[in-house]
Amino acid sequence: MLKRITDALLFLLLLAFTAAFIFPVAVILINSFKAKFSINASPFSLPLGDEFVGLSNYTTGIGNTGFPTAFGWSVFITVFSVALIILCTSMCAWYIVRVKNILTSVLYYALVFSMIVPFQMVMFTMSKTANVLHLDNPLGIILIYLGFGAGLSVFMFTGFIKTVPLGIEEAATIDGCTPLKTFMLVVLPILKPTAITVAILNTMWIWNDYLLPYLVIGSDYKTIPVAIQYLKGGYGSVDMGAMMAMLVLSVIPVIVFYLSSQKYIIKGVAAGAVKG
C-alpha cells in the first residue's frame, strides 16, 4: 500500500515537472496564431474570434527576418560544427587514453578545466581574436565552436574509451591496420552511443546559440536566433506575433532531432561518464 502511494506521488510530481516544461512551449505556439495586441492583453488565452490571425504571423516573420536564409546558415554551421566536434574530440580522447604521458595528462585536464570557464570571461578577447585571424565568417565560427565544445566532448569520449578492450585494437593492428584505420574502422563504430549523445548535446547548444554568432559573424550571416532578434523595432517595440511564430519554427527541428535520438542520451552519458 505504501509503495502504491509513493509511486502515485512520484507520478504526480513528474507530471507536474512535465507540465512546467511543456507550458512555455504551448504558450509560444498559442500566441503564434494571435494578433500582437491580443498577445499583450491575454497571453494565456486560446486564439479565438478576432484574436485568431491564421498564418499571417508566420508569413510576416519569414518576410521580415529572411528566415529561409537564416535557417540555411544555422543548418550549415550546426551540422559541420557537430561533425567536426565528434571527429576531432573522439580522436583526441582516444589518443589521451592510449598514450599515457605528461603531455596527454596536461591536455586532458586543460580541456576539463575549460568546461568551468564562463563564456562571458573570454567573449571579448575571443571576438577580437576571431576578427584578427579572419575567423569572423561561417567557416571560422565552426572552428570556434570546436574549441568551446571540446571540453565536454573529450570528457565523455575519454570515459567511454577506457571501457573499450585494448585487445580489439591490437587485433586490428596485427591484421595490418594503421592507427588511423584502426580508429576509423574499429574504435569509432564502438563509440556510437557516446557520439550520438555528444551530437545531441552540441546540436541543441549550437542551434539555439545567440551570443557567439552575434559577436563573431553579426548580421552578415544571420543564424535563426540572431534573425529573430531583428524583429525588435525602435524604442523597444516588438512584433510579438511574428516573434512567437519564428520561435515555433526554430524549435521544431531541434525537437524532432531530440525525440528521434533521445533514447541514446542516457545510454551514452552512463557509458561515457559513469563507467570511466
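Here the structure is a predicted model, which is why all the values come from computation and not from measurement.

Things to note about the overall build of the protein
Then, in step 1: Along the protein, the regular secondary structure elements total 14 helices and zero strands.
Then, in step 2: Ordered by position from N to C terminus, the α and β elements of the protein give α-α-α-α-α-α-α-α-α-α-α-α-α-α.
Then, in step 3: In terms of principal-axis extent, the alpha carbons of the protein reach across some 75 × 70 × 35 Å.
Then, in step 4: Contacts spanning at least 24 positions in sequence make up 73% of the contacts within the protein whose residues lie at least 6 apart.

Some words on the packing of helix H8 (residues 166-174) against helix H9 (residues 179-190)
Two quantities define a packed helix pair, namely the angle between the helix axes and the distance between the axes.
Then, in step 1: With their axes 10 Å apart at the nearest point, H8 and H9 run at an angle of 155° to one another. In terms of axis orientation, H8 runs roughly antiparallel to H9. Helix-helix and strand crossings are classified by hand; for H8 and H9 the assignment is right-handed. Residues Ile 168, Glu 169, Ala 172 and Thr 173 of H8 form the contact with H9, whose own contacting residues are Thr 182, Val 186, Val 187 and Ile 190.

Digging into the nonpolar core
Then, in step 1: Formed by 37 residues in total, the largest nonpolar core has its most connected members in Ile 86, Ile 141, Ile 144, Phe 157, Leu 191, Leu 212 and Val 216.
Then, in step 2: Every residue in contact with Leu 212, bar those within four places of it in the chain, is listed here: Phe 119, Met 126, Ile 141, Ile 144, Tyr 145 and Phe 148.
Then, in step 3: Formed by 14 residues, the second largest nonpolar core is a distinct cluster that contains Leu 231, Ala 242, Val 248 and Val 254.

Side note on the environment of Gly 66
Then, in step 1: Mapped onto the fold, Gly 66 is located in the loop between helix H3 (56-65) and helix H4 (67-98).
Then, in step 2: Taking the C-alpha atoms as reference points, Gly 66 and Lys 222, separated by 156 residues in sequence, lie 8.9 Å from one another.

Considering the packing of aromatic side chains
Then, in step 1: In the structure shown here, the tally under the stated rule is 13 aromatic pairs.
Then, in step 2: Plain terms: the ring middles of Trp 73 and Tyr 221 are 5.0 Å apart, the flat faces sit at 80° to each other, and that makes the pair edge-to-face. Placement of the pair is Trp 73 in helix H4 and Tyr 221 in the loop between helix H11 (211-216) and helix H12 (224-229), with a sequence separation of 148 residues.

Considerations on the state of the cysteines
Then, in step 1: Considering all chains together, one arrives at zero disulfides under this definition.
Then, in step 2: In this structure Cys 88 is a free cysteine whose sulfur lies 8.9 Å from that of Cys 92, the closest cysteine sulfur available.

Side note on the packing of H4 against helix H5 (residues 102-114)
Then, in step 1: With their axes 9 Å apart at the nearest point, H4 and H5 run at an angle of 135° to one another. When the axis of H4 is compared with that of H5, the two are oblique. Viewed along their axes, H4 and H5 form a crossing whose handedness is left-handed. Across from Cys 92, Tyr 95 and Ile 96 in H4, the residues of H5 making contact are Thr 104, Leu 107, Tyr 108 and Leu 111.
Then, in step 2: Of the residues assigned to the contact of H4 with H5, the class counts are six nonpolar, one polar and no charged.

Some words on the side chain of Asn 57
Then, in step 1: Examined against the element boundaries, Asn 57 turns out to sit in helix H3.
Then, in step 2: At a separation of 2.9 Å, a polar atom in the side chain of Asn 57 contacts the main-chain carbonyl oxygen of Ser 32.
Then, in step 3: Once residues lying within four places of it in the same chain are set aside, the contact partners of Asn 57 are Asn 31, Ser 32, Phe 33, Lys 34, Gly 241, Ala 242, Ala 245 and Met 246.

Quick notes on unusual backbone geometry
Then, in step 1: Although it is not a glycine, His 134 adopts a positive phi angle of roughly 60°.
Then, in step 2: Residue position: His 134 is located in the loop between helix H6 (119-132) and helix H7 (138-161).

Here we look at the confidence of the model for the protein
Then, in step 1: Residues at a pLDDT of 70 or more form 94% of the protein, whose mean pLDDT is 85.
Then, in step 2: Between the elements of the protein, mean pLDDT differs from a low of 56, seen in helix H14 (residues 263-274), to a high of 93, seen in H4.
Then, in step 3: Confidence drops under a pLDDT of 50 for residues 272-276, and excluding neighbours within four residues, the segment shows 13 contacts in the predicted structure.

Here is what the cut-offs are and how they apply
- Throughout, a residue's number is its position along its own chain's written sequence, starting from 1.
- The predicted nature of this model means local features are confined to residues of pLDDT at least 70 and side-chain atom pairs, given and counted, to a pLDDT of 80 or more, with totals for whole chains, interfaces and linings taken over all residues.
- The side-chain numbers reported here are obtained from all heavy atoms of the structure, hydrogens and water having been left aside.
- Secondary structure elements are defined from DSSP: runs of H or I of at least 4 residues count as helices, runs of E of at least 2 residues count as strands, and each element is numbered from the N terminus.
- The contact definition used throughout considers only heavy atoms, calling two residues in contact when any of these lie within 4.5 Å.
- Each axis is a line fitted through C-alpha atoms, taken for helices only over the stretch in contact, and angles between the N-to-C directions span 0 to 180 degrees.
- Orientation categories follow fixed angle ranges, with anything under 35 degrees roughly parallel, anything over 145 roughly antiparallel, 65 to 115 roughly perpendicular, and all other angles oblique.
- Crossings are sorted by hand: turned counterclockwise from the far helix by less than a right angle, the near helix makes the crossing left-handed, and turned clockwise it makes it right-handed.
- Grouping buried Ala, Val, Leu, Ile, Met, Phe, Trp, Tyr and Cys residues that are joined through side-chain atoms within 4.5 Å yields what is termed a nonpolar core.
- Under the scheme applied here, a residue whose accessible area is under 20% of the maximum for its type counts as buried, over 50% as exposed, and between as partly exposed, the area being computed with a 1.4 Å probe on protein chains only.
- Ring pairs are drawn from Phe, Tyr and Trp, using the six-membered ring of Trp, whenever the two centres fall within 6.5 Å, and their geometry is named by plane angle: stacked under 30 degrees, edge-to-face over 60, tilted for the rest.
- Throughout, disulfides are identified as pairs of cysteine sulfur atoms within 2.5 Å of each other.
- Polarity classes work like this: nonpolar for Ala, Val, Leu, Ile, Met, Phe, Trp, Tyr, Cys and Pro, charged for Asp, Glu, Lys and Arg, and polar for all others, with Gly in that last group.
- Polar contacts, as used here, are pairs of N or O atoms within 3.5 Å; protein pairs need one atom able to donate a hydrogen and one able to accept it. Residues neighboring in sequence count only if both atoms are side-chain atoms.
- As a per-residue quantity, pLDDT reports the predictor's confidence and falls between 0 and 100.

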